Amino acid sequence: MTKSALQIARAAYQPKLPKALKGAVKAVAGAPTQSVADQDEIKKLFPNTYGMPLITFEPGDAVELPAMNVGVILSGGQAPGGHNVISGIFDGIKSLNADSKLYGFILGPGGLVDHNYMELTAPIIDEYRNTGGFDIIGSGRTKLEAVEQFEKGYEILKKLDIKALVIIGGDDSNTNACVLAEYYAAKNYGVQVVGCPKTIDGDLKNEMIETSFGFDTACKVYSEVIGNIQRDCNSARKYWHFIKLMGRSASHIALECALQVQPNVCIVSEEVEAKDMSLDDVVTYIAQIVAERAKDGNNFGTVLIPEGLVEFIPAMKSLISELNDFLAANAEEFSHIKKSHQRDYIISKLSPANAAVYASLPEGVARQLTLDRDPHGNVQVSLIETEKLLSEMVATKLATWKAEGKFVGKFAAQHHFFGYEGRCAAPSNYDADYCYSLGYTAANLIADGKTGYMSSVRNTTSPAEEWIAGGVPITMMMNMERRHGEMKPVIQKALVRLDGAPFRTFAENREQWAKCTDFVYPGPIQYFGPSAVCDQPTKTLLLEQGK
Ligand code: FBP
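Just so you know, these numbers come straight off a predicted model, no measurement behind them.

Caption draft 1: Region of interest: the packing of helix α3 (residues 82-96) against helix α20 (residues 429-447). Put simply, α3 and α20 touch, their axes get as near as 7 Å, and they point 40 degrees apart. By the criterion of interaxial angle, the relationship of α3 to α20 is oblique. As for the relative orientation of α3 and α20, their crossing is right-handed in sense. Only Ala432, Cys435, Tyr436, Gly439, Tyr440, Ala443, Asn444 and Ala447 of α20 make contact with α3, whose side of the interface consists of Asn84, Val85, Ser87, Gly88, Ile89, Asp91, Gly92, Ile93, Ser95 and Leu96. Partitioned by chemical class, the residues of the contact of α3 with α20 number 10 nonpolar, seven polar and one charged.

Caption draft 2: Focus on the site of the ligand. The environment of the ligand is made up of 13 residues, and the closest members are Gly77, Arg141, Asp201, Glu307 and Tyr420. Side-chain polar atom of Arg248 to an oxygen atom of the ligand: 3.4 Å apart, as the coordinates give it. Between Tyr420 and the ligand, the recorded distance is 2.5 Å, taken from a side-chain N or O atom to an oxygen atom. Each residue belonging to the shell around the ligand can be placed in one class, and the counts come to three nonpolar, four polar and six charged.

Caption draft 3: Examining the pattern of salt bridges more closely. All chains considered together, the criterion is met by 25 salt bridges. For Lys205, the salt bridge goes to Glu544, with nearest N and O atoms at 2.7 Å. With Lys205 in the loop between β7 (192-197) and α8 (215-236) and Glu544 in helix α23 (residues 539-544), this residue pair connects regions lying 339 residues apart in the sequence. In this structure Glu544 comes out as partly exposed when scored by relative accessible area, which is 38%. Measuring nitrogen to oxygen at the nearest pair gives 2.8 Å for the salt bridge that ties Lys515 to Asp296. Taken together, the residues span a long stretch of sequence, with Lys515 in helix α21 (residues 501-515) and Asp296 in the loop between α11 (279-295) and β10 (301-306) at a distance of 219 residues. The partly exposed category is assigned to Lys515, whose relative accessible area is 41%. Salt bridges here are not isolated pairs; linked through shared partners, they connect Lys16, Asp433 and Asp535.

Caption draft 4: Seen up close, the pairing of strand β6 (residues 162-169). By the criterion of burial, β6 is predominantly enclosed, with seven of the eight residues buried. Summarising the sheet, strand β3 (residues 69-74) and β6 pair through six bridges and their orientation is parallel. Its bridge partner being in β6, Val70 is matched across the sheet by Ala164. The pairing of β6 with β7 spans six bridges and is parallel. Looking at β7, one finds that Leu165 is bridged to Val193. Running through helix α7 (residues 171-186), the crossover from β6 to the neighbouring parallel element β7 is right-handed.

Caption draft 5: Representation of the nonpolar core in the model. Of all hydrophobic cores here, the largest spans 84 residues; its most connected members are Ile86, Leu102 and Leu245. The greatest single-element share of this core, amounting to 10 residues, is contributed by α20. Not counting residues within four places of it along the chain, the set of residues in contact with Leu102 comprises Val70, Val72, Ile86, Ile89, Phe90, Ile93, Met118, Glu119, Leu120 and Ile125. Grouped together as the second largest cluster of nonpolar side chains are 48 residues, Val272, Val282, Ala355 and Trp401 included.

Caption draft 6: Highlighting the environment of Ala31. Along the chain, Ala31 turns up in strand β1 (residues 25-32). A relative accessible area of 56% places Ala31 in the exposed class. Sequence separation between Ala31 and Leu54 is 23 residues, and the spatial gap between their C-alpha atoms is 6.8 Å. Among residues more than four places away in sequence, those in contact with Ala31 are Pro53 and Leu54.

About the criteria used
Residues numbered from 1 in each chain as written. Predicted model: local features only at pLDDT ≥ 70, side-chain atom pairs only at ≥ 80, totals over all residues. Heavy atoms only, no water. Axes fitted to C-alpha atoms, helices over the stretch in contact; angles between N-to-C directions. Helix = DSSP H or I, 4+ residues; strand = E, 2+ residues; numbered from the N terminus. Parallel < 35°, antiparallel > 145°, perpendicular 65-115°, else oblique. Left-handed = near helix turned anticlockwise from the far one by under 90°. Contact = heavy atoms within 4.5 Å. Nonpolar A, V, L, I, M, F, W, Y, C, P; charged D, E, K, R; others polar. Near = heavy atom within 4 Å. Polar contact = N/O pair within 3.5 Å; in protein donor to acceptor, adjacent residues only side chain to side chain. Salt bridge = Lys/Arg side-chain N within 4 Å of Asp/Glu carboxyl O. Buried < 20%, exposed > 50% of the residue type's maximum accessible area, 1.4 Å probe, protein only. Pairing = 2+ DSSP bridges. Right-handed = clockwise from strand over helix to strand, strands pointing away. Core = buried A, V, L, I, M, F, W, Y, C linked by side-chain atoms within 4.5 Å.

Shown next, in the form of structure tokens:
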């Protein structure tokens, strides 16, 4: 396989580890924990894994441990650094006993259920050190939640004599990891389950989990490209660039990119919801900034839009929900309606309020709402081209204002969606080090007999030497939430906090960034060079930690 010069040089990079993990460790247990909310219900549902203490690793005395076999699963969307979590687990278990073995389950949780696996040997691991992607074993979105799946999984775990399973995933996958840990503990199967916090979306974080891995690299990749666009935009001075950014419901990615590039506009879904803004309010807000800049002769700019925005606009939420129900019940009839009549047909069937919102949408977006559905019949919100929706509506508003003499400039838009471009980038030094440490920590949690824990590495805005490695009981992060009509124990999703330092910093500066052209051009991720250039964490993390 041909490799780039960077790939070859990067393979030799030795990720940094916290001081405590560099030699033998001892696990220091803190006080018992409780869940963030709904303590009684969660305790009842997790009698074997509730209330366990926080664990911190400190330097300890070397002890001889028996060889252990460990299984690993990559779950959900790709995030930079997954291969380093796996190499960290590998090096961690090998350092404890050279005869330990690591098995990877292929294409996500489905590999465990279908008994599809491979042994990850040293030559394989070496091929993937410090690389992006999840291709070493692949990933998948099968949910591990049914007892039959747990039992099928146990069959293969027993056959391979696997002592522990590491599930690398987001909030849902780690919730399921905890349910599995509880099930195996209740059955006395002797299989431990440990989670690792992954997702570029940055929405799996709390007091003990500073960030999910991949967020750092993905945001740096997007910020590089947005910076390049801003420089192009500031050179030609003729386009407004509408840029949608991945991140599901949470706006962490859009906010972090805004802090890095200082765009003219960044919409934060959580704020739109808190202020109960309508689609028209959002459009008016953007149009006003366009009009203000036009007065200064600046007919250009950038607008960052989080992927999940439409779900946070109450009127759109209600429209989507009615459309989901209507089309599920009338799919057959709808399939016979001629394309040119579909819009009118839908308008005639919806309640008056939702029909009015639907009628106000540009043609392309209205069509998307009726066509792109997932296997459960729901609109795939991430496929809605919000960047086009907003720019078309801004254009319409500006045309009205022009006729009224309220807008004097020109408006031409370009559209972009950044998501997949950043999910498999070679991990930044931060993610390479953080992920390797998470994997190494997971190995030590397993050696210490822990189950139902998530690997945790904290204090990551300090040099890696000073990072604090340990484990957090997953039940500690849980609360009860309504999912598909049923109350379920789940890890609380972290949305952008409007009282948090990252949002407040953005809010304090946005007027200035809107009016002036204060663009910042972050440039590409640097893997070699001065630490100030190569090892910087995200602005979100620095601000959250008061740095
Ligand atoms: P995870 O939550 O599984 O980490 O996925 C993150 C994500 O990249 C979201 O930002 C995005 O909405 C989604 O995956 C896209 O999913 P898919 O890869 O299935 O198209």
